[in-house]
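# Reading the structure
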Amino acid sequence: MGKVAFLFPGQGSQTVGMGKGFAEKDRDVADIFRTADEVLGFPLSDLIFAGPQETLTETVNAQPAILTASFAFFAKVKEAGLKADYVAGHSLGEYTALVAAGALSFPDAVKIVRERGRLMEEAVPSGQGTMAAILGMDREKLEEVVKAASTPEEPVELANINCPGQIVISGKTPAVKKAAERAKAEGAKRAVFLEVSGPFHSSLMKPAAEKFAGFLAGFPLRDAEIPVIANVTAKPVRDGEQIRKSLIEQLYSPVLWEDSIRTLIGLGVDTFVEIGPGKVLTGLVKKIDRSAKAVSIHDEESFRTVLEQWEGNEE
């Protein structure tokens, strides 16, 4: 086996019941959910295990919920002795990656992402900003389309560069609509508007980033034990203060996911293990490089399957 990277999912992967099977059978996992409840001062675990989905999907709840469930899965992975050479996470997932790499404590991460979610939700009045996934258009072409549709008053920008032919744009609602129409007219296969509460990863998030920087200043960020691939640069980072800077910039900068996976492949990674709810990142890895091995640990059954494959590869 070559080098291994653990990947952690971002917002949108939340599902009612995530991690419940492990929590019911494993006291250490149950303690992770209990810790999140104590840190936040309300029963987040009840919302994760029982829903309703609409409340779980609210940014302010989804962010700590996904972090908690993903970290619970990671605890099982660590207990089983599986190790990674690198970690990365998609947007919110970067926080789980930092906890996994020892740069951030889990209780601190829960507090941080709850506030991050709140600031992201309140940055732009509801309905004024949005995001859309543009499918079937390359990055350079879409960059031109977005520039033509954007104005200083009504910006639209590339937000998530996920994989070839799947890029999310973000900005003021009229500008995003204009860019989506123009993209389709110029050959994009589809434009899918996302159910989000704001124009994340765009310059409209800069006021939120300023407030977030002040909040983040109250938490220690240690040097990472293993390199974390930062969303904003798609490069490995270990220095605690550099990590802090990139987390603030991440709020208003594009998520360079395709570039991050290519960086990892360039560093010799041939096995990607997505840890947390859903299988979104596993699919993106396959679209970026068909030859890469990508597996997902998102429930008890997938955990057992990956463990068996892992042990088989090591023999």
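The shown structure was predicted, so the numbers you read here are calculated from the model rather than taken from an experiment. (Residues numbered from 1 in each chain as written. Predicted model: local features only at pLDDT ≥ 70, side-chain atom pairs only at ≥ 80, totals over all residues. Heavy atoms only, no water.)

Two quantities define a packed helix pair, namely the angle between the helix axes and the distance between the axes. Their axes nearest at 11 Å, the elements helix H6 (residues 93–100) and helix H11 (residues 240–250) cross at an angle of 165°. As judged from the angle between their axes, H6 and H11 are roughly antiparallel. Between H6 and H11 the crossing geometry is left-handed. Side by side, H6 and H11 meet where Glu94, Tyr95 and Leu98 of the first sit next to Ile243, Ser246, Leu247 and Gln250 of the second. Considered class by class, the residues forming the contact of H6 with H11 number 4 nonpolar, 2 polar and 1 charged. (Axes fitted to C-alpha atoms, helices over the stretch in contact; angles between N-to-C directions. Helix = DSSP H or I, 4+ residues; strand = E, 2+ residues; numbered from the N terminus. Parallel < 35°, antiparallel > 145°, perpendicular 65-115°, else oblique. Left-handed = near helix turned anticlockwise from the far one by under 90°. Contact = heavy atoms within 4.5 Å. Nonpolar A, V, L, I, M, F, W, Y, C, P; charged D, E, K, R; others polar.)

Feature annotation in UniProt assigns "active site" (unreviewed entry) to the following positions: Ser91 and His201. Their sequence span is 111 residues, while the largest C-alpha to C-alpha distance among them is just 8.8 Å; these annotated residues converge on one region. Structurally, Ser91 can be placed in the loop between strand S2 (86–89) and H6. For Ser91, a relative accessible area of 11% translates into the label buried. (UniProt positions renumbered as here; feature names shortened; annotations may be inferred. Buried < 20%, exposed > 50% of the residue type's maximum accessible area, 1.4 Å probe, protein only.)

Here the focus is helix H5 (residues 59–79). For H5, which comprises 21 residues, the first-to-last C-alpha distance of 30 Å matches the rise-based estimate of 30 Å (1.5 Å per residue) to within 8%. Of all the 21 residues making up H5, 18 are buried; the element is thus mostly covered by neighbouring parts of the structure. Gly81 occupies a position one or two residues after H5 and carries a positive phi of about 90°. (Expected span 1.5 Å × (residues − 1).)

This part is about the environment of Arg34. Along the polypeptide, Arg34 turns up in helix H2 (residues 27–40). A residue is classified by how much of its surface remains accessible, and Arg34, at 41% relative accessible area, is partly exposed.

Another point: the environment of Ala292. Relative to the assigned elements, Ala292 resides in the loop between helix H13 (280–288) and strand S10 (293–297). For the pair Ala292 and Ile167, spaced 125 residues apart in the sequence, the C-alpha separation amounts to 21 Å. Setting aside its immediate chain neighbours within four residues, Ala292 contacts Asp270, Phe272, Val285 and Lys286.

Turning next to a negative patch on the surface. On the surface, Asp138, Glu140, Glu143, Glu144 and Glu186 cluster together to form a negatively charged patch. Mapped onto the elements, Glu140 comes out in helix H8 (residues 139–149). When its relative accessible area of 54% is taken as the criterion, Glu140 is described as exposed. (Patch = residues over 30% accessible without salt bridge, like charges linked within 9 Å, V, L, I, M, F, W, Y side chains within 5 Å. Areas by Shrake-Rupley, 256 points an atom, 1.4 Å probe, with all protein chains shown as cover. Salt bridge = Lys/Arg side-chain N within 4 Å of Asp/Glu carboxyl O. Lys, Arg positive; Asp, Glu negative; His and termini not counted. Charge placed at Lys NZ, Arg CZ, Asp CG, Glu CD.)

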